[in-house]
Amino acid sequence: MELTITGANAITFPTLYVWDWRVSLYLFLGGLSAGLAIMTSILHVRKGGALAEGERAAISAPIYVPIILSIGMLFIFLDLERKLNVFWFYLTVQPLSPMSWGSWGLIVFYPVSIMYALATFPEGKRDLLRLPILKNWSARLSKYKLQLAGINFGMGIFIGVYTGVLLSSFVARPLWNSALLPVLFLTSAMSAGAAFMIMIAKEKKVKLYFTKIDIWLILAEMVMLPLFFYGQYTSSGAHRESIMPFFTFSHEYFWYGLGMLLLLVIFPIAVVMKFLEVKEDHEEELTPGALFKMNLSAIMVLFGGLIIRLTFVYAGQLSHLS
Amino acid sequence: MSAKVSRRNFLKITGATAAGLSVSAALPDRFLLWAEEQGMVKGTYVPTYCEICFWKCGARAKVINGRVVKLEGNPSHPGARGKLCGRGNGGAGLLYDPNRLKHPLISTGKRGEGKYRQATWDEALAVVAEKLKAIKEQHGPESVALFTHGTPTDHFLPLLYAYGSENVGMPSFAQCRGPRDVGLELTFGESVGSPERVDLANSKLIVLIGSHLGENMHNSQVQDFSEAMARGAQLIVVDPRFSIAAGKAQKWLPIRPATDLALLLAWINVIIAEGWYDKAYIEAYANGFSELAAAVKEYTPAWAEKETEIPAATIYETARMMAQHAPAVCIHPGRHATWYGDDVQRTRAMGILMALLGTWGREGGVFMGTTAKVPKAASKEYPEFTAEALNTCGYALAGAEGLTQVIREATLTGKPYPIRGWIVTGTNLMKALPNQKETFDAIQKLDLLVAVDVLPMDTVMMADVILPECTYLERHDALAIGKGKSLTVSLRQPAVQPMYDSKPGWWIAKELAKRLDLGEYFPWGTFEEKIKSQCSLLGISYEELKELGTITMPDTSSPYITPTNQPEFNTHSGKIELYSTELKEQGFDPVPRYTRHPQPPTGQFRLIYGRSPVHTFSRTINNPELHELHPENEVWLNAAKAKEMGLRNGTYVALINQDGIRSNPIKLKVTERIRKDCVYMVHGFGVTSKELKNAYRKGADDQGLITRYTVDPIAGSTGMRGNFVRLEEEKKHA
Amino acid sequence: MPNYAMVIDQRRCVACMACVIACKKENEVPHEQYRTRVLEMVEGQFPELRMELRSELCNHCDNPPCVYNCPTGASYKRRKDGLVLLKKHRCVGCKACLAACPYDARYINHKKGYADKCTFCDHRIKDGKEPACVATCVGKSRIFGDLDDPNSLVSKALRENHAEVPLKSAGTKPRVFYIKKFSKPE
């Protein structure tokens, strides 16, 4: 069919192009910090806190959460066209806008994660905090470690899932318009959090603990991704077309096809590596070789999460209903 | 208690005073429109009529604080009916075009070099007057010719006559409508007028042969066309290209180019053979039926199929459709008729067809224009013309508009006498006349080339003296007398004051006249005075006209034949001449006879051209508001042919014609919408004037490729569709 | 309470683009950005060709995804007449509304940064005038009016003709109705 359009806007023609790597990066980093928050809560609560004993990550992980979140939020802030108006997010609640929920969620998550970081700061090292107000709060909040862990856990789930809900609520973008997307994003976020935890943890038992968690999460992702694509494939014509970029190596869609290929390779390899790590008979200390393998598999998982966010944000804007 | 001055009122007061202080063009549209929204300032509507094309639609310019922010159609004007086309809407783009001519310019280099220095009006006018006087002395006033189009004609033609020359050439005749008007005049004693008196809104069947109405955006005519389409009128479109109109047609006949006359003659043949013609009408109003019938006997549908590549059954069927819906059938005579050199005869065939179906003077066909007379103002008589005008030399039936290329020829050869000076107003000759080299060479021979224009067009940039006219939104012009169904009078008045150092055409003409001691031919002080006196002559109130923009004279409408309203045919016999005695006398075919025209050799394509709905050829090409929507033209090539040649959609190609002329790179549009033997592009692109910053070298210039032309022996017009091009891929896009 | 809607009679459209330009002038739409567009579609193979002309704009949907997804409430549907409008001062430029619109009706005003789109010439309607595109439409293809008024042009047009809405399956309940071009008889 020959089509001539007079009066098309470059921003929506030939395809929508409003969100780019900045949004993808926020989705990834936001998800990572949410997943990390969940894992941190688990770390501190599990086995009555025994897991966290002597573990460096028990202190560092809660600090990483707001830092990673800040970097992510910086990127999403940069994406706004009218940055000076950002305060409007917080003058209203739009019950049907996942972005509104998210903006409020973030404004709760932020202080909660900082409070949790302070709460879990060990007594002995409090002087490192320097400022008296921080030391004060650290002392006060440490009583509420458990409750804060719970809230942190909840907020982590919320932040990990809301971005998926946001994207899935656009009827106009068939690629995102799937009920499975929020679950996929959450799982991916938690998996990233677990992987990150593995990398920053010092104790072997902590590393292995989270490796086991990560194995389940990756397996879940490996089930969900095919189900997601199958769901799209068997849905309407627009949905079917929306996933095509992932299954082709044409010049136009090369990066999506490559991304898909990488995912197909990364996740199975990572899960097998992790399985072997768990199965292996480790000595007291982990060998440099074992450490390297653990970090490698963790980085692969993180990379996979980033690929998902990047390809979905870009490919979603290629998809259209008409 | 002092009255509370609300913020709104306060700004309104200051707004009013600020307007009085006239810091007009400084405030941007954005602010003004916002201010209007807030109720701080109010826009005033100034009625005028548009000059973006020649339809002269009544428009209303919305002016806020001395700035034209919008243009809307004038409901009182029959050509606009409250609406404006895309180009009319974009009129302010011309007004505020930064590339506009701002000051008089005098050439400091060779003609065509583009080197100018700014001058004052006194200086520039003095140079022109001096040269004109010199030519008058040395060669006689007839050695000065005027090329003109549009409303400047109303100012500069009287100047030419007063100066003593009759050599006017309007490209609208010899390069456009000329043969159509001559053909219809020979048949009916008058042409269809411009705007055409086609009664489309009431037609049951519309036949477009050689008209791409729709892309050819003529306001009220398109309104009528859409009306007809919505009402379920049938449409037959004969066009080698699937135009917008063709997209709405029940029958699209993709005719082989240059064979239209064969189709028309076949239709006439069928209608006569089957007895489908309006016997009573022919009996009452026409002459020469039997001669016609005999002459068209050989033009059967079967014969026509071989010429036109249209199946005989289709030819028969479309003729039957015409008969079925007669007399509410509109055979649209088109506008640009200068195709192959037998264009008068082709129009004659159209006229004969119209007559056979009994559509002239009937509802849905061609309506009769108002017969109301326009009183002529008394004016000083022009001096005796010392020499015979050469502008229609050799063509007895050519119109008073003159033949542009004949004047050009005389300039080149000096025969029958030399033309030494050209005044060019409102027309871009390089883009209008065929064979640009001849125009260029002719210009080199002149003693004087003076251009009066709004933009630095290609031709303007060759002049010795450039006189900047202000745009239509900044000036008064002659009253536009509309002779459609009723008599209408429309006013053009300035919406804003002339920008920069530009002046209205009337002022330029008057000032020139003064310096040529011809001041008494322009007896009024300002043109507004002349308009006022014209109004009193016509019996209308100038004040009312200023308010409304257009006044329709009551009881001036009698469009259809009725027992009390009988048509008058101004032909030799006083009747419709199916067989033209006048043509016979002049030695031409009294009934159109088909001649086969050359077709393009293999590997070449016939170059055909047309219009864009957002452009008026090169006139609007630089207008930022219109340029945005259509910045460059494309060349349409048949998809199967493109595949054969390995050319992909969107590649840039160059067109090389039979004389080796190579065009600018132009984007290729590979499409199913055109025949395999021709390529199509929109006319007016590919300007060579660097001063037109938006348009410079965008797209290709079809006129540059029109080096071969066939002169119609009857009207003297130049048939321009006989050029064949081949395509070559451009490695680098300019 | 008027219920404004638009009917586009595609049979009448000639793709003249007057609406595109008039809208730009009326609403000071920035350079190379548009609130309405015209599509020229041709299908088939020479010489069996069919053409559709269609102009598109914001449909002022009754179930507008752009309104729901706006995080600051800048995008809203005005109850009194059903127009979907924007409170410019609230717009953050997050572009969720651009992503949410299935009709690609919105754009980011590149001079100001806020999301922008057709407003049915709200400022003209309140003066009793028609939207700029409707006022200038040479073919009288665009028809505007109050659905609640049985004598309005839109009500008449919808009564007398079969009209369709774009992307009905999206569930947005648009208020711009299209009377398709009649198909060519055999």
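Residues numbered from 1 in each chain as written. Chains lettered and ligands numbered in written order. Predicted model: local features only at pLDDT ≥ 70, side-chain atom pairs only at ≥ 80, totals over all residues.

Q: Which residues make up the overall build of chain C, and what values go with them?
A: In terms of regular secondary structure, chain C is built from six helices and nine strands. Taking 2.2 N^0.38 as the reference for a compact globule, 186 residues should give roughly 16 Å; the C-alpha atoms of chain C span a radius of gyration of 17 Å, in line with that estimate. With the C-alpha coordinates of chain C rotated into their principal frame, the extents come out at 55 × 40 × 35 Å. Residue burial in chain C is summarised as follows: out of 186 residues, 55% are buried. Taking all contacts inside chain C whose residues are at least 6 apart in sequence as the whole, residues at least 24 apart take part in 56%. (Helix = DSSP H or I, 4+ residues; strand = E, 2+ residues; numbered from the N terminus. Rg over C-alpha atoms; globule rule 2.2 N^0.38 Å. Buried ≥ 20, exposed ≤ 12 C-beta atoms within 10 Å, placed from the backbone. Contact = placed C-beta atoms within 7 Å.)

Q: Summarise the overall build of chain A; cite the residues concerned and give the values.
A: Along chain A, the regular secondary structure elements total ten helices and one strand. Going from the N terminus to the C terminus, chain A shows its helices and strands as β-α-α-α-α-α-α-α-α-α-α. The globule rule puts the C-alpha radius of gyration for 322 residues at 20 Å, and the 21 Å found for chain A is close to it. For chain A, the residues scored as buried account for 48% of the 322 residues in total. Partitioning the intrachain contacts of chain A with sequence separation of at least 6 by distance along the chain shows that 75% fall at a separation of at least 24.

Q: Requested: an account of the packing of helix H3 (residues 98-119) of chain A against helix H5 (residues 145-168) of chain A, with residues and values cited.
A: All names here are of chain A. Taken N-terminus to C-terminus, the directions of H3 and H5 make an angle of 150°; their axes are 9 Å apart at the nearest point. Taken together, the axes of H3 and H5 lie roughly antiparallel to each other. Crossing hand, H3 versus H5: left-handed. Classifying every residue of the contact of H3 with H5 by side-chain character gives 19 nonpolar, five polar and one charged. (Axes fitted to C-alpha atoms, helices over the stretch in contact; angles between N-to-C directions. Parallel < 35°, antiparallel > 145°, perpendicular 65-115°, else oblique. Left-handed = near helix turned anticlockwise from the far one by under 90°. Nonpolar A, V, L, I, M, F, W, Y, C, P; charged D, E, K, R; others polar.)

Q: Please set out the sheet that holds strand S18 (residues 550-552) of chain B residue by residue, giving values where relevant.
A: Residue and element names in this part refer to chain B. Across the sheet, which stays open at both edges, the three strands sit in the order S16-S17-S18 with antiparallel pairing between neighbours. Where the open sheet ends on each side, the last strands, each with one partner, are strand S16 (477-483) and S18. Here the average twist between neighbouring strands, direction ignored, is 15°. (Pairing = 2+ DSSP bridges.)

Q: Residue-level account of the interface of chain C and chain A, with values.
A: When the parts come together, some accessible area is lost, and that loss is often what is quoted as the size of the interface. Contacts between chain C and chain A engage 39 residues on the former and 36 residues on the latter. Listed by contribution, the elements that provide at least two residues to the side of chain C that touches chain A are strand S2 (37-45), helix H2 (65-68), helix H3 (96-100) and strand S6 (107-108) of chain C. Per-element accounting of the side of chain C that touches chain A gives the leading share, seven residues, to S2 of chain C. Classifying every residue of the side of chain C that touches chain A gives 25 nonpolar, eight polar and six charged. Two elements, strand S1 (residues 2-6) of chain A and S2 of chain C, share five bridges in a ladder whose sense is antiparallel. Pairing of threonine 4 of chain A across the sheet is with glutamate 40 of chain C, part of S2 of chain C.

Q: Let's hear about helix H2 (residues 57-79) of chain A: which residues, and what values?
A: All names here are of chain A. An ideal rise of 1.5 Å per residue puts 33 Å on 23 residues; H2 measures up with 32 Å between its terminal C-alpha atoms. Here H2 has its buried residues at Ala57, Ala58, Ala61, Pro62, Tyr64, Val65, Pro66, Ile68, Leu69, Gly72 and Ile76. Packed against the buried residues of H2 are helix H1 (21-45), H3, helix H6 (180-200) and helix H7 (204-233). (Expected span 1.5 Å × (residues − 1).)

Q: Give me the interface of chain B and chain C: which residues, what numbers.
A: Counting residues at the interface gives 34 residues for chain B, matched by 33 residues for chain C. Looking at the side of chain B that touches chain C, the elements with two or more residues in it are helix H2 (29-37), strand S3 (67-73), helix H3 (86-89) and helix H8 (219-230) of chain B. In terms of residues, the side of chain B that touches chain C owes the most to one element, H8 of chain B, which gives six residues. Tallied by class, the residues present in the side of chain B that touches chain C amount to 13 nonpolar, eleven polar and ten charged.

Q: Just give me the short version of unusual backbone geometry, but keep the residues and values in it.
A: All names here are of chain B. Of note, the amide linkage connecting alanine 326 to proline 327 takes the cis form, showing an omega dihedral of 0°. A positive phi angle is found at tyrosine 500, which is not glycine, with a value near 50°. For tyrosine 500, the location among the structural elements is in the loop between strand S17 (487-492) and helix H18 (505-515). What makes tyrosine 500 exposed here is the crowd of 11 C-beta atoms within 10 Å.

Q: Kindly report on H6 of chain A, identifying the contributing residues and their values.
A: With 21 residues, H6 of chain A should reach 30 Å at 1.5 Å per residue; the first-to-last C-alpha distance of 30 Å fits that figure. Here H6 of chain A lies mainly inside the structure; 18 of its 21 residues are buried.

Q: Which residues make up the sheet that holds strand S10 (residues 251-253) of chain B, and what values go with them?
A: Strand pairing within a sheet occurs via backbone hydrogen bonds; the two strands may be parallel or antiparallel. Residues and elements named next belong to chain B. If you trace the four strands from one edge of the open sheet to the other, you get S10-S9-S8-S12, paired in parallel fashion. Strands at the two margins of the open sheet, each flanked by one partner only, are S10 and strand S12 (329-332). Averaged over all pairs of adjacent strands, the angle between strand axes in this sheet comes to 10°, irrespective of strand direction. Bridge analysis of strand S8 (residues 205-209) against S12 gives four bridges, and the strand direction is parallel. Residue pairing across strands places leucine 208 opposite histidine 332, the latter belonging to S12.

Q: Summarise the confidence of the model for chain C; cite the residues concerned and give the values.
A: The predicted model of chain C averages 93 in pLDDT, with 97% of residues at 70 or higher. Across the interface, the model reports ipTM at 0.94; the global pTM reads 0.91. (pLDDT = per-residue confidence, 0-100.)

Q: Could you give an account of the environment of glycine 305 of chain A, with specific residues and numbers?
A: Residue and element names in this part refer to chain A. Take glycine 305: it is sitting in helix H10 (residues 288-318). For glycine 305, a count of 29 C-beta atoms within 10 Å gives the class buried. Sequence separation between glycine 305 and leucine 84 is 221 residues, and the spatial gap between their C-alpha atoms is 31 Å. The residues contacting glycine 305, other than those within four sequence positions of it, are Phe28, Gly31, Ser188, Ser191 and Ala192.

Q: Hey, could you go over the confidence of the model for chain A for me, with residue numbers and the actual values?
A: Mean pLDDT over chain A works out to 92, with 100% of the residues at or above the 70 mark. H6 of chain A holds the highest mean pLDDT among the elements of chain A, 96, whereas helix H4 (residues 132-141) of chain A holds the lowest, 85.

Q: Residues and numbers for the packing of H6 of chain A against H10 of chain A, please.
A: Between two packed helices, what matters for the description is the angle formed by their axes and the separation of those axes. All names here are of chain A. Remark: H6 packs on H10, axes separated minimally by 9 Å, with the N-to-C direction vectors making an angle of 150°. In terms of axis orientation, H6 runs roughly antiparallel to H10. Read as a crossing pair, H6 and H10 show a hand that is left-handed. For the pair formed by H6 and H10, the contact residues are Ser188, Ser191, Ala192, Ala195, Phe196, Ile198 and Met199 on the first element and Met294, Asn295, Ala298, Val301, Leu302, Gly305 and Ile308 on the second. Each residue belonging to the contact of H6 with H10 can be placed in one class, and the counts come to ten nonpolar, four polar and no charged.

Q: Tell me about the environment of leucine 264 of chain A, residues and numbers included.
A: For leucine 264 of chain A, the location among the structural elements is in helix H9 (residues 254-279). Residues leucine 264 of chain A and lysine 207 of chain A, 57 residues apart in the sequence, show an inter-C-alpha distance of 25 Å.

Q: Lay out the pairing of strand S27 (residues 724-729) of chain B with the relevant residues and their values.
A: As a general feature of sheets, a regular strand has side chains that alternate between the two faces. Residue and element names in this part refer to chain B. For strand S20 (residues 605-610) and S27, the ladder comprises two bridges, and the chain directions are antiparallel. What sits directly across from arginine 606, in S27, is phenylalanine 724. Direction of pairing for strand S22 (residues 652-657) relative to S27: antiparallel, over a ladder of five bridges. Across the sheet, the residue bridging to leucine 655 is leucine 727, located in S27.

Q: Talk me through the pairing of strand S9 (residues 176-179) of chain C; I want residue IDs and the actual numbers.
A: Residue and element names in this part refer to chain C. What you see with S9 is no split at all: Val176 and Tyr178 on one side and Phe177 and Ile179 on the other are buried throughout. In this sheet, S9 lies alongside strand S1 (residues 4-9) in parallel orientation, the contact comprising four bridges. Paired with isoleucine 8 across the bridge in S9 is tyrosine 178.

Q: Outline the environment of leucine 446 of chain B, supporting the account with residue identities and numerical values.
A: Take leucine 446 of chain B: it is sitting in the loop between helix H17 (436-444) and strand S14 (448-453). Spatially, the C-alpha atoms of leucine 446 of chain B and leucine 412 of chain B are 8.9 Å apart, while their sequence positions differ by 34 residues.

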